[in-house]
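Each chain, letter by letter, is given below.
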Amino acid sequence: MTQATQTAQAARTAFSAVDAVTLKGWLHDADEIALFDVREHGQYGEGHPFYAVPLPYSRLELDAGRLAPRLGTRIVLADDGDGVAQSAAAALARLGYTNLFVLTGGMPAWRAAGYTLFAGVNLPSKTFGELAEHHYHTPRVTAQQLAEMQAGPNAPVVLDGRPTSEFRKMNIPGAICCPNGELAYRIRDLVPDTTTPIVINCAGRTRSIIGAQSLINFGVANPVYALENGTQGWYLNDFTLEHGGTARYPDNGQPQGLDAARDAAQALTQRFDVPHIDTAQAAAWLADAQRSTFLCDVRTAEEYAAQSLPGAQHTPGGQLMQATDQYVGVRRARLVLFDADGVRAPLVASWLRQMGHDAVVLTGGLEAGLAAGLRAASGPAHEVTALPAVTADQLAAGLSTQSMLALDLRGSMTYRAGHVAGSRWATRARLAQDLRGVPHDTTLVLIGDADADDPAELAAADLQALGYRDLRRLRGGLRAWREAGHAVREGADTLPDARCIDYLFFVHDRHDGNKAAARQYLAWETGLIAQLDAHELATFRFPSLD
């Protein structure tokens, strides 16, 4: 029996089929479920079910354990009805997952059943931001109003609620980077005067709204506003954006007004009924094989790197609210949040609970967790196929004699930015199509990212299943190729847009001066609520304002 036949048989026995109507019911029942869209990022962003979590087949084994650490989780895999989900099921079965299903017919079947395919990413979080603005009537200012305020006698402090990596791409002049999860914790370092107006912005809408409302819910005395449509609104009104900004919150471990912030966090906990659990309860949850529990460190990357609880995932608070599905792949899982200050975790948990998540705060935070020896399951580890390496010079010689084919498995935009001249781009999901006509006795030299989580390594088993036996990797990747002085090609013309299935153009083009893309994005965001059905709307749990 050939390896390809064995792989096909494994794929058939690794999962059960589920139809769209049954899956829709599962998404709204009382049990845990992970709906993983195993298509590539661009395909996912063009249309997917509301609760689908992106888990591209190209990165499947790298991210599955983090998104669904419990092997018995009910997992449904969805694709375009093209067989990728079956391959993904076989791969997850090899990791030890035991409760796997594949959506029969994939996304076309979902649409044919009358259910919506939502464009974009981070759908539940984005929709929640729109609903929160409606529910709380969050105060906002337009770009024009902000410009007038900045020129006035009581100029506001503009706080950008995005991570520093996004802030550096573009920012409103004079803005200070302070991710949403840090706002309440550090507000008096940034705005010591309680009469100074505060304007929160992000790239678009969600983090502007949630950031501003976070401060309001926290009881901050300052006038607080969300900037309508964020940096995109600023740019669409023909105001200038800065690039490469470095202004950010201070790194001090004891922000000003910490005692007052803790008191405010306690009041917020009571108002929003945020449960706190002790370490004994957390340990029992983490040991429960019948329920998924995520241990979430909501502090900064620097704090997490210095020390955290074993197995805890770094889930910076602002991003955990903004893009929950990037960190938690299981609906109705338990989320145990912790910090080291008693301020950040309660605020983030208050929002997650309104989003419908079972989020709680660990009493005593990091210190208590360390003392109790808390440890989270990290999910199954995957085996990496060790490939022999070739040097840049050896690859150059092989390309010149056509005895080798350089197969670049990095992201499509990374490939466009620079690649080995004569190489071929491919994605794991479409290796058979991408290598059509390539003889099986060809030496394939894989080019991937030069880090520990290299998705190129995952493609080796798939290539072997296709019949390719001589697989190598380029030692040192593209950097080694450049340093050896060999030719590099670049440019959008080296890879057609239609093949870049891992890239969602309409989301990213808005950051590159494309006003039409920005308008399209904002129209998409404000139109999300109208697309939800009654079950999806019922996910969110806003408190009464009486």
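Cut-off values and rules
- Residues numbered from 1 in each chain as written.
- Predicted model: local features only at pLDDT ≥ 70, side-chain atom pairs only at ≥ 80, totals over all residues.
- Heavy atoms only, no water.
- Helix = DSSP H or I, 4+ residues; strand = E, 2+ residues; numbered from the N terminus.
- Rg over C-alpha atoms; globule rule 2.2 N^0.38 Å.
- Buried < 20%, exposed > 50% of the residue type's maximum accessible area, 1.4 Å probe, protein only.
- Contact = heavy atoms within 4.5 Å.
- Lys, Arg positive; Asp, Glu negative; His and termini not counted.
- Charge placed at Lys NZ, Arg CZ, Asp CG, Glu CD.
- Polar contact = N/O pair within 3.5 Å; in protein donor to acceptor, adjacent residues only side chain to side chain.
- Salt bridge = Lys/Arg side-chain N within 4 Å of Asp/Glu carboxyl O.

Draft legend 1. The overall build of the protein chain, seen in detail. Looking only at helices and strands, the protein chain has 26 helices and 22 strands in total. In summary, the protein chain has a C-alpha radius of gyration of 24 Å against a globular reference of 24 Å for 546 residues, a match within 12%. Projecting the C-alpha coordinates of the protein chain onto the three principal axes gives extents of approximately 75 × 50 × 50 Å. Across the 546 residues that make up the protein chain, the buried fraction comes to 54%. Within the protein chain, counting contacts between residues at least 6 apart in sequence, those at least 24 apart form 76% of the total. Put simply, the protein chain has 47 plus and 60 minus side-chain charges, and the middle of one group is 3 Å from the middle of the other.

Draft legend 2. Representation of the environment of Glu-228 in the model. You can see Glu-228 is positioned in the loop between strand S10 (224-227) and helix H12 (230-236). Separated by 82 residues in the primary sequence, Glu-228 and Leu-146 have C-alpha atoms spaced 9.7 Å apart. Beyond its immediate stretch of four places on either side in the chain, Glu-228 contacts Arg-140, Val-141, Thr-142, Arg-205 and Gly-233.

Draft legend 3. Layout of the side chain of Glu-61. As for its position among the elements, Glu-61 is in helix H4 (residues 60-67). Here Arg-428 takes part through its side chain, which lies 2.8 Å from a polar atom of the side chain of Glu-61. Discounting chain neighbours no more than four positions away, the residues touching Glu-61 are Ala-91, Leu-95, His-382, Arg-428 and Leu-458.

Draft legend 4. Representation of the side chain of Glu-457 within the structure. Note that Glu-457 resides in the loop between strand S20 (443-447) and helix H22 (459-465). As a buried residue without a salt bridge, Glu-457 has its nearest oppositely charged side chain in Arg-473, at a separation of 4.5 Å. Setting aside residues up to four positions removed in sequence, Glu-457 forms contacts with Val-384, Thr-385, Leu-387 and Arg-473.

Draft legend 5. Focus on the pattern of salt bridges. Inspection of the entire model under this criterion finds 35 salt bridges. Glu-536 is paired through a salt bridge with Lys-24; the nearest N and O atoms lie 3.3 Å apart. Of this pair, Glu-536 sits in helix H26 (residues 534-537) while Lys-24 sits in helix H2 (residues 20-27); the two residues are 512 residues apart in sequence, bridging distant segments of the chain. The salt bridge partner of Asp-63 is Arg-59, with a shortest N-O separation of 2.9 Å. On the accessibility criterion, Asp-63 (11% relative accessible area) is buried. Members of the salt-bridge network, linked through shared partners, are Glu-32, Arg-70, Arg-291, Arg-353 and Asp-358.

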